[in-house]
Amino acid sequence: MHRNLFSRSSDSGFTHPTIGDVTPQSLYLQRREWLRQVAAGAAGLSLAAWGAREAIAQVPHPGKLAPLAGGVSRVSGANTIEKITSYADASSYNNYYEFGTDKSDPAKYAHTLQTKPWSVEIEGLVKKPGRMDLDDLLKLSPLEERIYRLRCVEGWSMVIPWVGYSLAELIKRVEPLGNAKYVEFVTLADPKTMLGVHSRVLDWPYVEGLRMDEAMHPLALLSFGMYGEVLPNQNGAPVRLVVPWKYGFKSAKSLVKIRFVEKQPVNSWGRSAPQEYGFYSNVNPNVDHPRWSQASERRIGEDGLFAKKRKTLMFNGYEAQVGQLYAGMDLKKLY
Amino acid sequence: MPFAWLFWGAANNALGANPAEYLIRATGDWTLRFLCLTLAVTPLRVTLGLPELLKHRRMFGRFTYFYVVLHLLCYSWLDMGFEWADIARDIAKRPFILVGFSAFVLLTPLAATSFNRAIRWLGAKRWQRLHRTVYVVAVLAVLHFFWMRAGKNNFAEVFVYGFVLFVLLAWRLVRSSFWLRFVRLSDFTR
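Owing to the predicted nature of the structure, the values given are computational and were not obtained by experimental measurement.

**A word on the overall build of chain B**
Argument step 1. Assigned secondary structure in chain B consists of nine helices and zero strands.
Argument step 2. Ordered by position in the sequence, the α and β elements of chain B form the string α-α-α-α-α-α-α-α-α.
Argument step 3. Based on the C-alpha atoms only, the size of chain B along its principal axes is roughly 65 × 35 × 35 Å.
Argument step 4. Expressed as a percentage of the 190 residues in chain B, the buried residues total 26%.
Argument step 5. Taking contacts inside chain B between residues at least 6 apart in sequence as the whole, the part at least 24 apart equals 58%.

In structure tokens, the structure reads:
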């Protein structure tokens, strides 16, 4: 019998959802993330503006240092909706061994750091090597606000709104040669202004490195600010790296040299304790540090003293964006 | 006293950005400090000729145990969320945790026999032999601390505690070997 669509009988007019019809929360959240990305990205200007308002509204400006604004980022994964760590915690709980090994040391002693004038030397296998002043670097590409999770290898994490642009912008500008396979980052080691450099905790200067495809990934950030202001000294002023899918120590602070090389650089922690810190050091809950588990983490300022630690996510939750960089690699060996 | 301060700090959120880490480290530090104090009693008593110091040894020993219990509690609660399977795996897998846990296990019978009647029950000699386990605990405790800091080559504090405990143990070793030689010598002369 043909049924009239406009006059449904009571038993077919409305189907009650079964449990299988209900959208699982994780999927729902994924959709929200997707919507955010659409809002911040390619779809419609009005949506983008709406997204921008929301993103700017949620970042508190501490009003301590010179403002440095960044526009909304269109990079996938660059706008996590998690609660942002307080500026007080983010600027007082730091690992910056050039200013001491205690996490309260950098905030106490980094005021001696001289960030003006500042320049970064571009060296090695590039068509356009040379020295770039901080002002030139700041003008090289539009600044964006990127809200990233930060996972320290020690088992704690924060959510920080950085200001900067993709490192790829700088790399494209200096035109690496075909044999440039890795990028090495050299940071400041000035015994006059950095008291920690006198201790032999590490070989100074602090050096980090990325494979070229990692360095070119849009999430790899060259950062000049956080919380809408220039970087505090203890957070790596005036320019630092932020690689959100790797443990925090990969994100080298106060950069003075960026060197393009053919062979995999030896990073400082890799040199100091190769069995504990690998070159890749991707956040990976399945590969434990020899002295502690990496399966969970404590979110600073949020998870209460007696709260259970939260699960650490593969690639710090950026698997969708960066997973393909490591396809086919044994991440247990190349940790 | 340190306990009151830590308790107040935890209640008033005055232990910095990572209070769990602060508490675990602070209780570990205080365990080491009281261990040093406990082991310092006999050398100080003998060299300074202050027999009344002996009265405080038991209290220092009990404080050592009190802080090691807090230390273990902070670790298994604040860090591991009382996930017993995870804790067991952690102890088995990580040498530095295993060493620390062993030190705790070895201290337990000492704390359990730190009262007068226990000495009578065990007999002074057996009691003393049992309580010499504390020398092993001292070595394990420093090893635990050393391993914890090894990843960052940050040994300044480890050396301080290690040196203090080394001096305290070496003093005993030297003394006992002198004493042994003296006994042998007197055997000869007799």
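**Points about the overall build of chain A**
Argument step 1. If you tally the helices and strands in chain A, you get nine helices and 13 strands.
Argument step 2. Looking at chain A residue by residue over its 335 residues, the buried ones come to 42%.
Argument step 3. For chain A, the share of sequence-separated contacts (at least 6 apart) that also reach a separation of at least 24 residues comes to 70%.

**Regarding the sheet that holds strand 6 (residues 182-187) of chain A**
Residue and element names in this part refer to chain A.
Argument step 1. Taking strand neighbours across the sheet as the criterion, the five strands line up as 3-2-11-6-7 in an open arrangement whose pairing is mixed. If you trace the sheet from one side to the other, it starts and ends with strand 3 (130-133) and strand 7 (207-211), each paired once. On average, each strand axis in the sheet is tilted by 20 degrees relative to the strand beside it, whichever way the strands run.
Argument step 2. As judged from the six bridges shared by strand 6 and strand 11 (residues 255-261), these two strands associate in the antiparallel manner. Note that in strand 11 the partner of Thr187 across the bridge is Leu255.

**What to know about the interface of chain B and chain A**
Argument step 1. Contact with chain B, which involves 16 residues of that partner, is made by 20 residues of chain A.
Argument step 2. When contributions to the side of chain B that touches chain A are tallied by element, the ones reaching two or more residues are helix 2 (19-48) and helix 3 (54-79) of chain B.
Argument step 3. Here the residues of the side of chain B that touches chain A are counted per class, giving seven nonpolar, six polar and three charged.

**Quick notes on the confidence of the model for chain A**
Detailed reading of the predicted model is not advised wherever pLDDT is low.
All names here are of chain A.
Argument step 1. Across chain A, the average pLDDT comes to 86, with 82% of residues at 70 or higher.
Argument step 2. pLDDT under 50 marks residues 1-17. Its contacts with residues more than four places away, or in other chains, come to two contacts.
Argument step 3. Throughout residues 42-55 the model reports pLDDT below 50, and contacts reaching past four residues in sequence, or to other chains, amount to 14 contacts.

**Concerning the confidence of the model for chain B**
Residue and element names in this part refer to chain B.
Argument step 1. When pLDDT is averaged across chain B, the result is 88; 94% of the residues are at 70 or more.
Argument step 2. Of all secondary-structure elements in chain B, the lowest mean pLDDT belongs to helix 1 (residues 2-11), at 80, while helix 5 (residues 95-112) reaches the highest, 94.
Argument step 3. Predicted as a complex, the structure gets a pTM of 0.78 and an ipTM equal to 0.71.

**Looking at the packing of helix 2 of chain B against helix 3 of chain B**
All names here are of chain B.
Argument step 1. Running from N to C, helix 2 and helix 3 cross one another at 160 degrees; their axes reach a closest spacing of 8 Å. Between helix 2 and helix 3, the angle is such that the two are roughly antiparallel. Seen along the crossing, helix 2 lies across helix 3 with a hand that is left-handed.
Argument step 2. For the contact of helix 2 with helix 3, the per-class residue count stands at 17 nonpolar, eight polar and three charged.

What counts as what
Residues numbered from 1 in each chain as written. Chains lettered and ligands numbered in written order. Predicted model: local features only at pLDDT ≥ 70, side-chain atom pairs only at ≥ 80, totals over all residues. Helix = DSSP H or I, 4+ residues; strand = E, 2+ residues; numbered from the N terminus. Buried ≥ 20, exposed ≤ 12 C-beta atoms within 10 Å, placed from the backbone. Contact = placed C-beta atoms within 7 Å. Pairing = 2+ DSSP bridges. Axes fitted to C-alpha atoms, helices over the stretch in contact; angles between N-to-C directions. Nonpolar A, V, L, I, M, F, W, Y, C, P; charged D, E, K, R; others polar. pLDDT = per-residue confidence, 0-100. Parallel < 35°, antiparallel > 145°, perpendicular 65-115°, else oblique. Left-handed = near helix turned anticlockwise from the far one by under 90°.

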